[in-house]
Amino acid sequence: MAATAKPRALVFGINFCAVLANLPANSLYRRDFQLVHKVEVELFGTGGRTVDKTIRFDLDAFRSSAPDVVVLEMGSNDACEQDICAETIASSRVVLTELLISECKLQLIVVCHILPRKHPPFQEYNDRVRQINALVSEALLHIKRAKSWRHRGLIYPSAEIYLADGIHLNEGGNRALYKSYRGAILFALSQSRKYLSLH
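Residues numbered from 1 in each chain as written. Predicted model: local features only at pLDDT ≥ 70, side-chain atom pairs only at ≥ 80, totals over all residues. Heavy atoms only, no water.

**Quick notes on the nonpolar core**
Within soluble globular proteins, side chains that are nonpolar generally end up buried alongside one another.
Next, step 1: Ranked by internal contacts, the top residues of the largest apolar core, which has 29 residues, are Phe62, Val70, Leu72, Leu100, Leu106, Ile109 and Ile132.
Next, step 2: At the level of elements, β1 (8-13), α3 (59-65), β3 (69-72), α5 (86-104), β4 (108-112) and α6 (125-140) are the ones that each hand at least two residues to this core.
Next, step 3: It is α5 that contributes the most residues to this core, eight residues altogether.
Next, step 4: Counting residues in each nonpolar core, the second largest holds 25 residues, with Val39, Leu43, Leu108 and Tyr162 among its members. (Core = buried A, V, L, I, M, F, W, Y, C linked by side-chain atoms within 4.5 Å. Buried < 20%, exposed > 50% of the residue type's maximum accessible area, 1.4 Å probe, protein only. Helix = DSSP H or I, 4+ residues; strand = E, 2+ residues; numbered from the N terminus.)

**A few points about unusual backbone geometry**
Next, step 1: Its identity is not glycine, yet Phe33 carries a phi of approximately 55°, on the positive side.
Next, step 2: With respect to the element layout, Phe33 can be found in the loop between α1 (15-21) and β2 (40-45).
Next, step 3: For Arg145, which is not glycine, the phi dihedral falls at a positive 70°.
Next, step 4: Note on placement: Arg145 falls in the loop between α6 and β5 (146-149).
Next, step 5: The exposure class assigned to Arg145 is partly exposed, which follows from its relative accessible area of 26%.

As structure tokens, then:
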């Protein structure tokens, strides 16, 4: 009897994903998130991405990966656009989510909350991030095969998890983010099994 193929997971997002993808196999951070017996994990990260750029330039990367589940980490660059309202940014993230479900025939997508910043680019940035996260979380409740994900330990901008620039995470922050991605992958797999059992 042939062995059942392992599910495929794609973690798509910020620079940390690109860093992880290029680390040696014996690194502290494992590219497979120590889930090699459960799932095949692929990482894709490009700095400076917005939802619009992802739709224009990255859909082929999603399709070629052929993932069963996706962990989507993006939105901070969109949130920096002061002339675009929070509702529009949230709506664009939801549109991207639905597009990926349709285009890639995903079993499940986990959409990560945007992280706050210790040194925000403008005074209202962190409040705007909270608003966008709340709007997206509410919208995803009505989309089958989509769930929101909050990075535990990384949602308070006062925490000592940032580099001196107050934007990028330090070693402790990256360690927490790595653990959160691992949790998000496992959550996506468990939720996708529930979805498949009902259909």
